[in-house]
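Examination of the molecular architecture
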Amino acid sequence: MSTPVPASLPMVVPSQDLPARVRIHEVGARDGLQNEKATVPTRVKAEFVHRLAAAGLTTIEATSFVHPKWVPQLADAEALFPLLQDIKPRPHLPVLVPNERGLDRALALGARRVAVFASATESFAKANLNRTVDEALAMFEPVVTRAKEGRTHVRGYLSMCFGDPWEGAVPVHQVVRVAKALMDMGCDELSLGDTIGVATPGHVQTLLAELNEEGVPTNAIGVHFHDTYGQALSNTLAALQHGVTTVDASAGGLGGCPYAKSATGNLATEDLVWMLSGLGIETGVDLGRLTATSAWMAEQLGRPSPSRTVRALVKTAQPLQEQ
């Protein structure tokens, strides 16, 4: 049963110079669930993705083909991905691949969109990939080359774009260098990650402007904000004002980062949709269905949803009971 959204809310008051439509890159099924302490059953993950698609999300990051030793919560990638092939209409189902072995596993199951994940800082590259920044880029290059040869769409994630728990503030030029390297090796799209949630709007717009100056077009950029300091929506608005039209978000605000302990939840998709709806920006997402989906998943996880919009719409901090 869908969660009803008050017909008059949010009141639509468009703002000038914002995109007419935003594509939400939903990461809850991968980035959200990978941070869970307990492993979520494969059938529940599959149901989650089906429900997200039914809510109107057209890009749903499905899983990760990382070695199970590093991300045991997503060790069932081979079992999960085939369970998603009957979704109609079929959404894009990108998957993470860390290396050529991961790419082989993904392509064997018919994946047509993959992502690699780099770091703007040496400390996080070491913690997350056990490599230097440049060694990680060298590892990704054949992955991207092979994927593009097979006409597979490649997204490049770039973590720690605004701050690092070990190194502190990250210089803009340092982020731009790694971002350019990802794009130059052939990535179709770049996702800028505020992994520990320390970005502010001016910082966001400065980084976007510097990337443009170095030849990275705005239409190739997505933004991925965490809400550690409550800045995710304001940072998203700053990116929209710059012209960005791809925003990463996680249903119910699930997620964090297993290799950055100060990273809290991702921007909740419901909170994003509420803001975009009020601005008159199209997303194609049914907020009632999405909210019900996140409340259902919160029930599977045994705790309330972190999303403020979910809590408001179900009128309680407790997960919604399916009718």
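This text gives an overview of the structure that appears in the document. Here the residue index of a chain counts from 1 through its sequence in written order. Given that the model is predicted, a residue must reach a pLDDT of at least 70 before its local features are reported, and side-chain atom pairs must reach 80 or more before they are shown or counted; all residues, however, enter totals for whole chains, interfaces and linings. Hydrogens and waters are ignored; side-chain quantities use all the structure's heavy atoms.

Segments assigned H or I by DSSP are reported as helices when at least four residues long, segments assigned E as strands when at least two residues long, and all are numbered from the N terminus. Along the chain, the position of Met183 falls in helix α7 (residues 172-184). The class for Met183 is buried, based on a relative accessible area of 17%. C-alpha of Met183 to C-alpha of Arg311: the two residues are 128 residues apart in sequence and 39 Å apart in space. Setting aside anything within four residues of it in sequence, one finds Met183 in contact with Asp188, Glu189, Leu190, Val216 and Ala220. In this scheme, a residue with accessible area under 20% of its type's maximum is buried, one over 50% is exposed, and one in between is partly exposed, where area comes from a 1.4 Å probe on protein chains only. We call two residues in contact whenever any of their non-hydrogen atoms come within 4.5 Å of each other.

A few words on the pairing of strand β10 (residues 221-225). In terms of burial, β10 is a largely internal element, five of the five residues being buried. A two-sided burial pattern is seen for β10, the buried positions comprising Ile221, Val223 and Phe225 on one face and Gly222 and His224 on the other. Two strands make a pair as long as DSSP finds a minimum of two bridges between them. Pairing between strand β9 (residues 189-194) and β10: five bridges, direction parallel. For Leu190, the partnering residue across the bridge sits in β10 and is Ile221. The β-α-β motif built from β9, the intervening helix α8 (residues 201-213) and the parallel element β10 has right-handed crossover chirality. Note that β10 and strand β11 (residues 246-249) share two bridges and pair parallel. Across the sheet, the residue bridging to Val223 is Val247, located in β11. In the classification by handedness, the crossover that spans β10, the intervening helix α9 (residues 232-242) and the parallel β11 is right-handed. Handedness of a crossover is defined as follows: with both strands directed away from the viewer, a clockwise route from the first strand across the helix to the second makes it right-handed.

On to helix α11 (residues 287-301). A helix is expected to reach a length of 1.5 Å times the quantity of its residues less one. For α11, spanning 15 residues, the distance from its first C-alpha to its last is 21 Å, which sits close to the expected 21 Å at 1.5 Å a residue. Within α11, twelve of the 15 residues are buried, leaving the element largely enclosed by the surrounding structure. Of all the positions in α11, only Leu287, Gly288, Leu290, Thr291, Ala292, Thr293, Ser294, Ala295, Trp296, Met297, Ala298 and Leu301 are classed as buried. Contacts made by the buried residues of α11 are with α2 (42-54), α10 (269-278) and α12 (308-313). Its side-chain oxygen 3.0 Å from the backbone nitrogen of Gly288, Asp286 forms the N-cap of α11. Immediately downstream of α11, the backbone of Gly302 shows phi near 80 degrees, a positive value. What qualifies as a polar contact is a pair of N or O atoms within 3.5 Å, subject to a donor-acceptor requirement within protein and to the restriction that residues adjacent in sequence count only when both atoms come from side chains.

To continue, consider the side chain of Asp76. Relative to the elements of secondary structure, Asp76 occurs in the loop between β3 (63-64) and α3 (77-80). Asp76 sits in the buried class, given a relative accessible area of 14%. Separated by 2.6 Å, the side chains of Asp76 and Thr42 make a polar contact. For Asp76, the side chain forms a polar contact with the side chain of Lys45, separated by 2.9 Å. When neighbours within four sequence positions are excluded, Asp76 is seen to be in contact with Val40, Thr42 and Lys45.

This paragraph deals with α2. The end-to-end C-alpha separation of α2 is 18 Å, in line with the 18 Å expected for 13 residues at 1.5 Å each. Val44, Lys45, Ala46, Phe48, Val49, Leu52 and Ala53 are the residues of α2 that are buried. Buried residues along α2 sit in contact with β1 (23-26), α1 (28-32), β2 (59-60), α3 and α11.

Let us now look at the pattern of salt bridges. By convention in these notes, a salt bridge is any Lys or Arg side-chain nitrogen within 4 Å of a carboxyl oxygen on Asp or Glu. The final tally for this structure, using the stated rule, is 14 salt bridges. With a closest N to O distance of 2.7 Å, Arg105 and Glu78 form a salt bridge. With Arg105 in helix α4 (residues 100-108) and Glu78 in helix α3, this residue pair connects regions lying 27 residues apart in the sequence.

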